[in-house]
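Spelled out, the chains give:
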Amino acid sequence: MLKPAFPALEIFAQLPPGGLLLIPNNRLRNRCQQVYAVQQPPGSCWLPPPVESLQSWLDKLWFELQQCHWRPALKRVLNREQRQLLWHRALDQSLKRQLLNRQQLCRDADRAVSQLIQWQLVTDIQTFDKALTPLMEQFALSLQEEELPLCIMTRAFAEMLHTYAAITPDQRDQLILRALREGVLKPLPQITMAGFTQISPLAAEIIRAATHKVYKTAGVRQPSQLRAAACADREEELCQAARWAAQMLAQHPGDSIGIVVNNLGQCRARVETVFSQVLEPQCLDPQQPHYTLPFNFSAGVPLAQTPVGSAALQLLDLLRDEWDCDALRNTLFCPFWSGSGETWLCSALYRRLQKLQLRRIDGATLRYWAEHTAETLHLQSPRLPGQLALVAERSRRWQRAPAEIWAKRLSSTLADLGWPGTRTPNSQEYQQLILWETTLENLAALNAYAGDLTLTQALQLLHQIAKRTPFQAETRDGPLQILGVLEAGGLAFDHLRLVGFGQQQWPPTPAPNPLLPIQWQKHWKMPRASVERELTLAQGITTDLLNASGDIVVSYACEEDGVQQGLSSLFGHPEPAEYFAGDALQRHFKTLAKAVPLEKIDDAWLPPLAQKDCQQVRGGASVLKAQALCPLNAQLRYRLGAGRDSTPDIGLSPAERGNIVHRLLAEFWQRCGTLAQLQAMDETQRHGQIAHAIERALAGVRRKYHHLPGGFWALEAQRLQRLMHQWLATELQRPAFSVKAIEWEQAVQIDGLHFNLRLDRLDQLPSGERLVIDYKTGTPSIRDWLTPRIREPQLPLYALIQPRARAIAFGQVRSGDCQWHGCGALEQPIAGIKAVADIEKNTAFGNWNSLVAHWRENLKTLAGEYRSGAAALTFDRPADNATEFWPLNRWPERAQRYE
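Residues numbered from 1 in each chain as written. Predicted model: local features only at pLDDT ≥ 70, side-chain atom pairs only at ≥ 80, totals over all residues. Heavy atoms only, no water.

(A) Focus on the packing of helix α12 (residues 307–316) against helix α17 (residues 403–416). One can describe the packing of α12 onto α17 by two numbers: an axis separation of 10 Å at closest approach and a directional angle of 100 degrees. Regarding the angle of α12 to α17, the classification is roughly perpendicular. Residues Ala312, Leu315 and Leu316 of α12 pack against Leu410, Thr413 and Leu414 of α17. A per-class count over the contact of α12 with α17 returns five nonpolar, one polar and no charged. (Axes fitted to C-alpha atoms, helices over the stretch in contact; angles between N-to-C directions. Helix = DSSP H or I, 4+ residues; strand = E, 2+ residues; numbered from the N terminus. Parallel < 35°, antiparallel > 145°, perpendicular 65-115°, else oblique. Contact = heavy atoms within 4.5 Å. Nonpolar A, V, L, I, M, F, W, Y, C, P; charged D, E, K, R; others polar.)

Listed below in structure tokens is the structure:
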């Protein structure tokens, strides 16, 4: 059993009746109570020991003052959320908010006023300005108190406290001190303090006023064997600590083991992951039922980051009627939502939303596609569309209301959405549910201070409260305790490991309050004020840690943030500690690696396409291109549906911009069908024709991206104007032509595969020849048409189905670089469209007919490969090795095997 590092039983025996053992935190108080309880005779009745944490003792004194109706105590003590709300209002009333981090500024202001009161530099917040004047003069500061942001904000904050007849916890402590001095509270015969490393002057004064006898008990001094473990980085340091803990648990199952992690609050998630992998690797199995891990954390996690709390906030965010795409994905597949049981519908809906390539999804779009997808899947009475409609109706109907009403509304919304799901919650989830109810109560407690709130304001406050509410799971006391530095104070262990005590981490870096003059903070040794204070505090904590166990290992990372470091000098020069080369999970992997090797069979073929699958091949000419680049990736993408959807961009994606150019050119040439018509236009007519085409091309896109402002579309129209004038200048240099077809859809059959193709443009020349055109906004290469496996088969495929086609060309529509890239056998040459023999030196194709024959044979081969299921993992070029398919084609593992 974990015990305190001081003789608690001796202190209890020496306390007079009515005496008190005062300790810094509830964890240490619980340990003292456990030690006392173990010593009591079985079956006997006994009173709890006289031990209290400082905070719980002050709470009891305040409750006693209120119970005796002491008039100054008949005020409400504000909690953290209520104070933050008033500080925000004080900021709005007193300071300009431009370029301010409002949340951080209000937290700093609350902490600054608290420090001034706890250090007894300010005794009355209502006369805050007057209290600071002598302090300014003492340090010869020329800045007037009216110019201090803290003074301006505190003045408004104090007025609101007076209006609401409320006080801060620090003002409550001042009143407790006053009551003790005035005899309202009876003094105690003796107070014994144990486990304290630091205490504020106000708290120390309260303790002195509460008794005539104050004793400070030092921890038990014991010789310890200290060893040091140098690790490459923080990850290895945590792994070594977990492996050390596993060995201690195996060798000393009845001993208390402690892991003290410096800055535990910042790396708690990573610590839990590493210790779970080493100590309980089976918990990584998703089929394994949830159970309590063999270690306890002193640091909790914010309720907003727990599964239950995070799910509740995600579901309530549906009321906002617009969501980030990634956040919406988490909501749709949330296991604590009854609607997520319709996995088929949610998956199909999210795939549909991904294809829209929107960064944010509005409520109307989500509801439309939810209903449309449910109809497409022929689902009977789906819940999801109805739940989304219910949320939308409430979002429109609910008006401003007090915080208490919003708490009821939000609670009822979660209930109607089926939160927290249909399955029975486990122990930790049940505790999170209870804490969530407390969070809603805290929101309702803002009723008197927040006024009438909008839906957005209510959700924002609820998010803030959930982020500030810590969740600490109540579990059985395990043999292994993982604690922060301050939580470990006053505890004793049989074995102790200190993690993260390099030169850069210990002593910690000062972080003075930015709203208080640094001279004040250094002079009165306020928290985190100076290097000297942090060194003194670190020395005291280090001494306590080194006396907390007889077996201690301290570790550090040799490299932190790219800088080499050693062990903190406060630990001296200990002997090196044992290095642990592996753990149970790694040994299991090694055992598998040494097992009988499995027979490996290279299977480069998938089942051939069924006849019905050949009738309508999804992907068009892109299938043949993918087959040319990598056969296996082609099968994965177009037969199995693998691949990663494009990530939405801010504004328009490059693909969407290219589509706009295609639509723009199609709109223009539908009205201007020949070169003669283009030449007949004057500048005004041409400009008007382009403007009309741009307006029509952008119309559909603007509906899709309705959230983009009008200025964005004005800039986009200007860009397209410039681009079109450049492209039409290139068209005017051509011989006569007429546009025969635009966006022409055709059915094509090649070696048993049937495709639907869409041709960008087909031009008719005076000689009767035809030119096949494909627009590109990038930089295409026509040499890809000459390779043994055609890398760009789209235009060659079009040429095969157009018997009169005598040339194919890419129209490179690119700002500042508009030109033609093509080849053929035209009677009248076009700049950029080369004769076949001139494409490259020593070409194997002497004329257009031989090149067409090459295309026909090559495309037939590619189509035959795809139809028969050829799926070799080979690449035409190394750059074709697309990383998005690696999880399926296992290229990294294959490459490692070949090496």
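(B) Layout of the sheet that holds strand β10 (residues 296–297). Across the sheet, seven strands lie side by side as β10-β15-β9-β17-β18-β8-β21; this open sheet has parallel pairing. Lying at the two open borders of the sheet, with one neighbouring strand each, are β10 and β21 (575–576). The pairing of strand β17 (residues 495–499) with strand β18 (residues 551–557) spans three bridges and is parallel. Residue pairing for β18: Leu498 is matched across the bridge by Val554. Those strands touched by helix α10 (residues 234–251) are β8 (225–231), β9 (257–261), β15 (480–483), β17 and β18, and its axis lies near 175 degrees from that of β17. (Pairing = 2+ DSSP bridges.)

(C) Looking closely at unusual backbone geometry. Residue Pro420 is bonded to the preceding Trp419 through a cis peptide linkage, with omega at 10 degrees. With respect to the helices and strands, the residue Pro420 is situated in the loop between α17 and α18 (427–444). In this chain, Trp506 is followed by Pro507 through a cis amide linkage whose omega measures 0 degrees. Checked against the element boundaries, Pro507 lands in the loop between β17 and α21 (518–523). Of note, the phi angle at Asp321 is positive, near 70 degrees, even though the residue is not glycine. Of note, Asp321 is situated in the loop between α12 and β12 (322–324). Look at Asp321 and you get partly exposed, because its relative accessible area is 29%. (Buried < 20%, exposed > 50% of the residue type's maximum accessible area, 1.4 Å probe, protein only.)

(D) Structural context of the environment of Gln247. Turning to its location among the elements, Gln247 is positioned in helix α10. The class for Gln247 is partly exposed, based on a relative accessible area of 22%. With 127 residues separating them in the primary sequence, Gln247 and Gln120 have C-alpha atoms 50 Å apart. Ignoring any residue separated from it by four or fewer positions in sequence, one finds Gln247 in contact with Glu578 and Phe580.

(E) Quick peek at the nonpolar core. Ranked by size, the top nonpolar core spans 162 residues in total, and within it Trp57, Leu116, Trp419, Trp436 and Trp669 carry the most contacts. A total of eight residues in this core trace back to one element, the largest contributor, which is helix α7 (residues 149–164). Aside from chain neighbours lying at most four places away, what touches Trp419 is Val308, Ala311, Ala312, Leu315, Phe336, Leu414, Leu433 and Trp436. If you look at the next biggest cluster of nonpolar residues, it comprises 42 residues, including Val617, Leu762, Trp785 and Tyr798. (Core = buried A, V, L, I, M, F, W, Y, C linked by side-chain atoms within 4.5 Å.)

(F) Up close: the packing of aromatic side chains. Counted according to the given criterion, the structure contains 19 aromatic pairs. Taking 5.7 Å as the distance between ring centres and 65 degrees as the angle between the ring planes, the aromatic pair formed by Trp669 and Phe737 counts as edge-to-face. Pair noted here: Trp669 is in helix α27 (residues 654–671) and Phe737 is in the loop between α30 (710–732) and β22 (738–750), with a separation of 68 residues, a long-range link. No difference in accessibility class separates Trp669 from Phe737, as the two residues are buried. On the basis of an interplanar angle of 85 degrees and a centroid distance of 5.2 Å, the ring pair of Phe712 and Trp713 is categorised as edge-to-face. Residue Trp713 is classed as buried on the basis of its relative accessible area of 4%. (Phe/Tyr/Trp six-rings, centres within 6.5 Å; stacked < 30°, edge-to-face > 60°.)

(G) Fine view of the side chain of Asn858. Following the sequence through the fold, Asn858 ends up in helix α32 (residues 848–868). Among the residues examined, Asn858 registers a relative accessible area of 9% and is labelled buried. If sequence neighbours within four positions are ignored, Asn858 has contacts with Thr787, Pro788, Arg789 and Ile790.

(H) Region of interest: helix α11 (residues 264–279). Under the 1.5 Å per step criterion, the end-to-end length of α11 is only 19 Å for 16 residues, more than 12% shorter than the ideal 22 Å. Of all the bends in α11, the largest measures some 40 degrees and sits at Arg270. Among the residues of α11, those classed as buried are Leu264, Cys267, Arg268, Val271, Val274, Phe275, Ser276, Val278 and Leu279. Buried residues belonging to α11 abut α10, β9, β10, β11 (301–302) and β15. (Expected span 1.5 Å × (residues − 1). Bend = angle between axes of the 7 residues up to and from the residue.)

(I) A look at the state of the cysteines. Going through the model one piece at a time under the given rule, you end up with zero disulfides. For the unlinked cysteine Cys239, the closest cysteine sulfur is that of Cys231, found at 9.1 Å. Cys346 provides the cysteine sulfur closest to Cys334, a residue in no disulfide bond, and the two sulfurs are 10 Å apart. (Disulfide = S-S within 2.5 Å.)

(J) Fine view of the sheet that holds strand β26 (residues 819–824). Read from one edge of the open sheet, six strands run β22-β23-β24-β25-β26-β27, paired in mixed fashion. Sheet topology places β22 and β27 (833–835) at the edges, where each strand pairs with a single neighbour. The average undirected angle you get between the axes of adjacent strands in this sheet is 35 degrees. Pairing of strand β24 (residues 770–776) with strand β25 (residues 805–812) involves seven bridges; the strand directions are parallel. Bridge pairing in β25 links Tyr775 to Gly811. Running at roughly 70 degrees to β25, α32 makes contact with β22, β23 (753–764), β25 and β26 of the sheet.

(K) Structural view of helix α14 (residues 343–356). The terminal C-alpha atoms of α14, which comprises 14 residues, lie 20 Å apart, in line with the 20 Å expected from a rise of 1.5 Å per residue. Within α14 the residues assigned to the buried category are Leu345, Cys346, Leu349, Tyr350, Leu353 and Leu356. Along the axis of α14, the buried residues cluster in a sector spanning 125 degrees; they form a single face. Those residues of α14 that are exposed and angled more than 90 degrees off the buried face are Trp344 and Lys355. At the exit of α14 stands Gln357, carrying a positive phi of roughly 55 degrees. (Arc of directions from axis to C-beta.)

(L) Region of interest: the pattern of salt bridges. Counted under the stated rule, the structure contains 42 salt bridges. With a closest N to O distance of 3.9 Å, Arg329 and Asp326 form a salt bridge. Of the two residues, Arg329 and Asp326 both sit in helix α13 (residues 325–332), three residues apart, roughly one turn of that helix. Using a relative accessible area of 33% as the deciding quantity, one classes Arg329 as partly exposed. (Salt bridge = Lys/Arg side-chain N within 4 Å of Asp/Glu carboxyl O.)

(M) Summary view of the packing of helix α3 (residues 54–67) against helix α8 (residues 169–181). Between α3 and α8, whose axes approach to 10 Å, the crossing angle comes to 65 degrees. Here α8 runs roughly perpendicular to α3, going by the angle between their axes. The hand of the α3/α8 crossing is left-handed. Together, Gln55, Leu58, Asp59, Leu61, Trp62 and Leu65 of α3 and Arg172, Asp173, Leu175, Ile176 and Ala179 of α8 make up the contact between the two elements. (Left-handed = near helix turned anticlockwise from the far one by under 90°.)

(N) Expanded view of the pairing of strand β7 (residues 214–217). Relative to β7, strand β6 (residues 191–194) is paired through four bridges, and the arrangement is parallel. By the bridge assignment for β7, Thr192 is matched with Tyr215. Taken together, β6, helix α9 (residues 201–210) and β7 constitute a β-α-β crossover, and its handedness is right-handed. (Right-handed = clockwise from strand over helix to strand, strands pointing away.)

(O) Summary view of the side chain of Asp774. Inspection of the secondary structure assignment puts Asp774 in strand β24. Classification of Asp774 by relative accessible area gives buried; the value is 3%. Not counting chain neighbours up to four residues away, the residues in contact with Asp774 comprise His662, Asp760, Gln794, Leu795, Ala809, Phe810 and Gly811.

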